[in-house]
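Structural overview for review
What follows is each chain in one-letter form.
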Amino acid sequence: MDSRLESSKRKRAKTDEEYSDEHTEHKPLCKYGENCYQKNSYHLQKFRHPQRNPVPVVKPEQELQVKEKSGESITICLMSSGSTGMKEQETSEANGTSSSVTAEHGIDNQESKEDDSELAHSPLDVKENIKHKFLVEMPDDFFQFWSFCQSICQQNTLGKLEIIELVGPFELLDQTQKKSKPKEKSDNLLTQWRFYYDPPEFQTVMVGDLSKGYHIGYFRDAPNEMPAFVGSNTESEGCVLTPLSDNLFSAVSQLLSVTVKKVDPFKKSQLTSLKKQLEDWANKNGILIEPQNQILKKRKKLMVAKTFYECGIVVPVDKKTKVGYREIPETSANIKKICKKIVESQNLSEQNKNSDSLQELVTYVQYANDESDYGMGLELGLDLLAFGGEVFHPTILHLLGVAYELLERKEFSVILKAHLNNRRRLATAKTGN
């Protein structure tokens, strides 16, 4: 342990040579002192550290390119941290609607005494750092896909053709991004690439056509489990989450297969070449490329209810007593009609009247919770989230907050609160409700 501490101090001492000595005596002392390994330039400018003083040299990179021998390249872009290009997010921050999720994301309900808008100190291990920031752990294929991208960006080419952008947790893998932004709020990381309909169970890691809000991510049934599948959603088309595969390689392979049918012959050749590179790398490293129907079959066997997302939910159900889930005593079609009437209410009195049927379903959920059928509340809460509408937010917070606590999925509650506090559409084209 002592040797590791000494090694860490030597590394910090070497890094400290990059910083200036000016005006340090007037700064408050960082409470972590010499043991602080924060590299955030805003933090280093604001607080004084033994043997450490600001300001680091910043050299941000914006893209990770997948290149061909000639002609245009196929580009997999890596968005720099915080650079979503979304005016909605900037507006919400300016209005103060984006509150900090502290320690790190407020699970212990204690606020940071140093600076509640600044990220807590990050673990040095990259896997732990991602879990620390996003509250979930990334699977092996996430890191393998990053290795694939690194392996093919070494080739030479000219030009580029953008296909997907690696976002969210991928940004933490780009070592050049560590110092590219003065500070980042904790809840911004939870919501930065969280699209309007995304449930807490879904974590975006790639985006495609932002005019439609197309994005790919991991869906997991519990925050302490590995993802159940890789899925996609197109925000402008609604809430449906489509399972694609059980790994990113299969998902991107499917995306390339669809895209290649829509482009000109020259780009078709490039996409075909990229698809072969991806599949060859996957096969060489023992990663299975499966057709979409395989993951759909697996999912249908596990889920206890479909939900409006259509990808289903999974909760523990006792095989003998069947305790764990009971059906909502109303059809999905009728629940949608109830929600539609509430959203379209002309005034508060009409809205209250139209909400009676929904309140009756909430009461049934309370009965179900009392008898350990926690899946019913989870289903109804996710249905309301999927339908959309700010009027449902208090009910969503209640239903899902209780369900996540009873199912021991508290991290999802933290993500949900951050999302509803800053819920907006990220698709750049105008959409309906």
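The structure we're discussing is the one just above.
Structural notes, computed from the coordinates. Quantities reported herein were computed from a predicted structural model and do not represent experimental measurements. (Residues numbered from 1 in each chain as written. Predicted model: local features only at pLDDT ≥ 70, side-chain atom pairs only at ≥ 80, totals over all residues. Heavy atoms only, no water.)

Another point: the side chain of N354. Relative to the helices and strands, N354 is located in helix 12 (residues 348-354). Residue class for N354 comes out buried when judged on its relative accessible area of 13%. Apart from residues lying up to four places away in sequence, N354 is in contact with I338, K341, I342 and S345. (Helix = DSSP H or I, 4+ residues; strand = E, 2+ residues; numbered from the N terminus. Buried < 20%, exposed > 50% of the residue type's maximum accessible area, 1.4 Å probe, protein only. Contact = heavy atoms within 4.5 Å.)

What the rule picks out here adds up to zero disulfides. C239 takes part in no disulfide bond, and the closest cysteine sulfur to it belongs to C311, at a distance of 9.3 Å. (Disulfide = S-S within 2.5 Å.)

With that settled, the discussion passes to a negative patch on the surface. Residues D125, E128, E137 and D140 make up a contiguous surface patch of negative charge. Its place among the elements puts D125 in the loop between helix 3 (87-94) and helix 4 (126-134). Looking at D125, the relative accessible area reads 43%, which means it is partly exposed. (Patch = residues over 30% accessible without salt bridge, like charges linked within 9 Å, V, L, I, M, F, W, Y side chains within 5 Å. Areas by Shrake-Rupley, 256 points an atom, 1.4 Å probe, with all protein chains shown as cover. Salt bridge = Lys/Arg side-chain N within 4 Å of Asp/Glu carboxyl O. Lys, Arg positive; Asp, Glu negative; His and termini not counted. Charge placed at Lys NZ, Arg CZ, Asp CG, Glu CD.)

Here the structure, examined in full by the defined rule, presents 15 aromatic pairs. Ring centres 5.1 Å apart and planes at 90° place the aromatic pair F142 and F143 in the edge-to-face group. F143 shares its class with F142; the two are buried. Every member of this aromatic cluster is reached through a ring pair, and the members are F142, F143, F145, W146, F148, F170, F249 and W281. The ring centre of F143 lies 5.1 Å from the NZ or CZ of K127, which sits over that ring. (Phe/Tyr/Trp six-rings, centres within 6.5 Å; stacked < 30°, edge-to-face > 60°. Lys NZ or Arg CZ within 6 Å of the ring centre and 35° of its normal.)

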